[in-house]
Amino acid sequence: MAKALIIYATRTNQTKTIAEVVGEGIRLEGAEATVVSVGDFEKQKLNPEDYQALVLGSATYHGEMIQTMKTLLFALEKFNLEGKVGGSFGAFGWSGEAPGRIYDTMKNIYKMDMVSGPLTLKSASLGGGVKMSQDYGRDIAKKASK
Ligand SMILES: Cc1cc2nc3c(=O)[nH]c(=O)nc-3n(C[C@H](O)[C@H](O)[C@H](O)COP(=O)(O)O)c2cc1C
């Protein structure tokens with residue numbers, strides 16, 4: 001069974017909720033999903049190499065991703081992520097730069113096999129956000145199960 005690791009950075013939990021719904025979508029497609037904050041990823045010493053897919057999320061503040069996600073993107077240099085399925089997501093208010101920046105790093109630096117694009121939502125619960133987040137998870141699971 002394909003396994004996906006979802007790691008998120010949030011301040012007011014909107015991005016955490018998106019992470020959880022993306023995880024649901026992955027499970028609906030019959031794959032396994034582990035959803036953790038950046039802090040818990042570090043505490044639990046999880047190894048992204050143990051997963052077929054890695055999905056990273058951060059909210060946007062002042063045009064940027066949250067600092068813990070920035071630090072994580074450097075820390076991931078010690079793992080070989082090439083060819084793993086990747087995706088990115090995050091809650092935003094008006095400009096939403098973070099998911100795109102994360103996506104580009106996963107694609108260009110870590111040479112991951114990315115899904116169609118970043119998932120950028122005002123909220124997991126508004127304007128079809130639940131379905132979009134679930135569908136994003138489903139796409140990741142399908143790609144990782146191939
Ligand atoms: C001080 C502050 C700065 C923000 N800066 C941005 C920004 O530059 N661009 C944007 O799209 N949203 C911005 N937002 C909105 C947040 O991204 C939005 O509230 C989001 O839902 C927060 O997600 P979180 O609950 O996962 O932290 C800002 C919010 C605050 C409080």
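My aim in this report is to walk through the structure given alongside it, one point at a time. (Residues numbered from 1 in each chain as written. Predicted model: local features only at pLDDT ≥ 70, side-chain atom pairs only at ≥ 80, totals over all residues.)

**Some thoughts on the overall build of the chain**
- Counting its secondary structure elements, the chain contains 5 helices and 8 strands.
- From first element to last, N terminus to C terminus, the chain shows the α and β order β-α-β-α-β-β-β-α-β-α-β-β-α.
- For 146 residues, the compact-globule estimate of 2.2 N^0.38 gives 15 Å, and the chain sits close to it at 13 Å.
- Oriented by its inertia axes, the alpha-carbon framework of the chain measures out at about 35 × 30 × 25 Å. (Helix = DSSP H or I, 4+ residues; strand = E, 2+ residues; numbered from the N terminus. Rg over C-alpha atoms; globule rule 2.2 N^0.38 Å.)

**A look at the pairing of strand E6 (residues 85-91)**
- Burial within E6 is extensive, with 7 of its 7 residues counted as buried.
- Residues of E6 alternate between two faces, with Val85, Gly87, Phe89 and Ala91 on one and Gly86, Ser88 and Gly90 on the opposite face, all of them buried.
- In this structure, strand E3 (residues 53-58) lies alongside E6, joined through 5 bridges in parallel fashion. Directly across from Leu56, in E6, lies its bridge partner Ser88.
- Taken together, the 2 bridges between E6 and strand E7 (residues 113-114) define a ladder with parallel strand orientation. Residue pairing for E7: Gly86 is matched across the bridge by Met114.
- Following the backbone out of E6, through helix H4 (residues 98-108) and into the adjacent parallel E7, one traces a crossover that is right-handed.
- Looking at chain direction, E6 and strand E8 (residues 119-121) are connected through 3 bridges and run parallel. For Ala91, the partnering residue across the bridge sits in E8 and is Leu121. (Buried ≥ 20, exposed ≤ 12 C-beta atoms within 10 Å, placed from the backbone. Pairing = 2+ DSSP bridges. Right-handed = clockwise from strand over helix to strand, strands pointing away.)

**Observations regarding the pairing of strand E2 (residues 32-37)**
- Sheet analysis places strand E1 (residues 3-9) next to E2, joined by 6 bridges and oriented parallel. Bridging from a neighbouring strand, Ile6 pairs with Val35 of E2.
- This β-α-β element, E1 to helix H1 (residues 14-28) to E2, shows right-handed connectivity.

Any functional reading would require information beyond the geometric quantities listed.
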